[in-house]
Amino acid sequence: MKNKVFRSMILATLSLLFIFANNYAYSEELKYNFTSGAIYSYEYTRQDVSIVNALNNTPQKSSSNQIIDFDIKVVGFQDNSFILDIGDDNSRVRRYISNKGALRGAPSENKMIFPYFIIFPEGDWTVGTTVNQKDEFTAFGKQIPVIWTLTLKKIDKLKSLADITFEAKFNLADDRIYSKSLSLNGQLIFNMAEGVIHEATWKSNYVSKLICKENAITRDLWNFQKQTAHLLKMTGVEK
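Let me sum up the structure you'll find in this document.

Analysis parameters
Residues numbered from 1 in each chain as written. Predicted model: local features only at pLDDT ≥ 70, side-chain atom pairs only at ≥ 80, totals over all residues. Heavy atoms only, no water. Helix = DSSP H or I, 4+ residues; strand = E, 2+ residues; numbered from the N terminus. Contact = heavy atoms within 4.5 Å. Buried < 20%, exposed > 50% of the residue type's maximum accessible area, 1.4 Å probe, protein only. Pairing = 2+ DSSP bridges. Polar contact = N/O pair within 3.5 Å; in protein donor to acceptor, adjacent residues only side chain to side chain. Phe/Tyr/Trp six-rings, centres within 6.5 Å; stacked < 30°, edge-to-face > 60°.

**Concerning the overall build of the protein chain**
For the protein chain, the helix and strand inventory stands at one helix and 13 strands. In sequence order, the secondary structure elements of the protein chain are arranged as α-β-β-β-β-β-β-β-β-β-β-β-β-β. Expressed as a percentage of contacts within the protein chain between residues at least 6 apart in sequence, the contacts between residues at least 24 apart total 51%.

In structure tokens:
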């Protein structure tokens, strides 16, 4: 009898240790950790497909591809912010970024030009949990509210990589004759050892409609849809 009780206690203890160890193994604090003086090289690929439909006309479709090489030069770290010069040989912008990804400053240019930095939550982030963040961006001549939803899908301890999915919901107001919608979702691979984005893919979809209401009938006079596939990947680093 005593042996059975002893074995039960041992099994219960081992089970608790496994649960605690498992939770610890799958929780991590994610933060940026750029090395001062380093240059991180990236390639950004964008593929656009647009369709325009007008009443009684044949739909018009167009597409385009674009590849941009740029780098992030780390000037230094000051006042709890990384000082980053982002761009290529022709054009550069300066950003001040916290170790969580929050924008602390953009001296001269529009801060929305390079929205590459996902903002990580404070403290440890457990695999399988989701965080929501409120933000806004400038479009159509005004500030548009947006809610970001980030989910930590998995952590590869051996490769020191975190897999994160993200989506954004934009609050675009409609009126009686014109409506528009914008959605965005994607996936991010974050290198925890280096503290930098390793790769990111996302898709955005924009739809706008001009409608006509006649009595109880609503017709689309004109609509425009643009789907964009984005790919961002690191191509090298110099330290």
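Now that the structure has been shown, we can carry on.
**A look at the pairing of strand β4 (residues 81-87)**
Burial analysis of β4 places seven of its seven residues in the buried class, the great majority of the element. On β4, burial covers both faces: S81, I83, D85 and G87 on one face and F82, L84 and I86 on the other are all buried. When strand β3 (residues 60-78) meets β4, the two strands line up antiparallel, connected through seven bridges. Bridge assignment links F77 to a residue of β4, and that residue is F82.

**Quick notes on the side chain of D71**
Tracing the backbone through its elements, the reader meets D71 in strand β3. Here R92 takes part through its side chain, which lies 2.5 Å from a polar atom of the side chain of D71. With sequence-adjacent residues up to four places away left out, D71 is seen in contact with I39, Y40, S41, D85, I86, G87 and R92.

**Points about the packing of aromatic side chains**
If you walk through the whole model with that rule in mind, you get 13 aromatic pairs. Centre to centre, the rings of Y42 and F70 are 5.7 Å apart; their planes meet at 15°, and the pair counts as stacked. With Y42 in strand β2 (residues 39-54) and F70 in strand β3, this residue pair connects regions lying 28 residues apart in the sequence. Looking at F70, the relative accessible area reads 7%, which means it is buried. Where F120 meets F190, the ring centres are 4.8 Å apart and the plane angle is 70°; that geometry is what we call edge-to-face. Of this pair, F120 sits in the loop between β6 (103-105) and β7 (125-126) while F190 sits in strand β11 (residues 178-191), and the two are 70 residues apart along the sequence.

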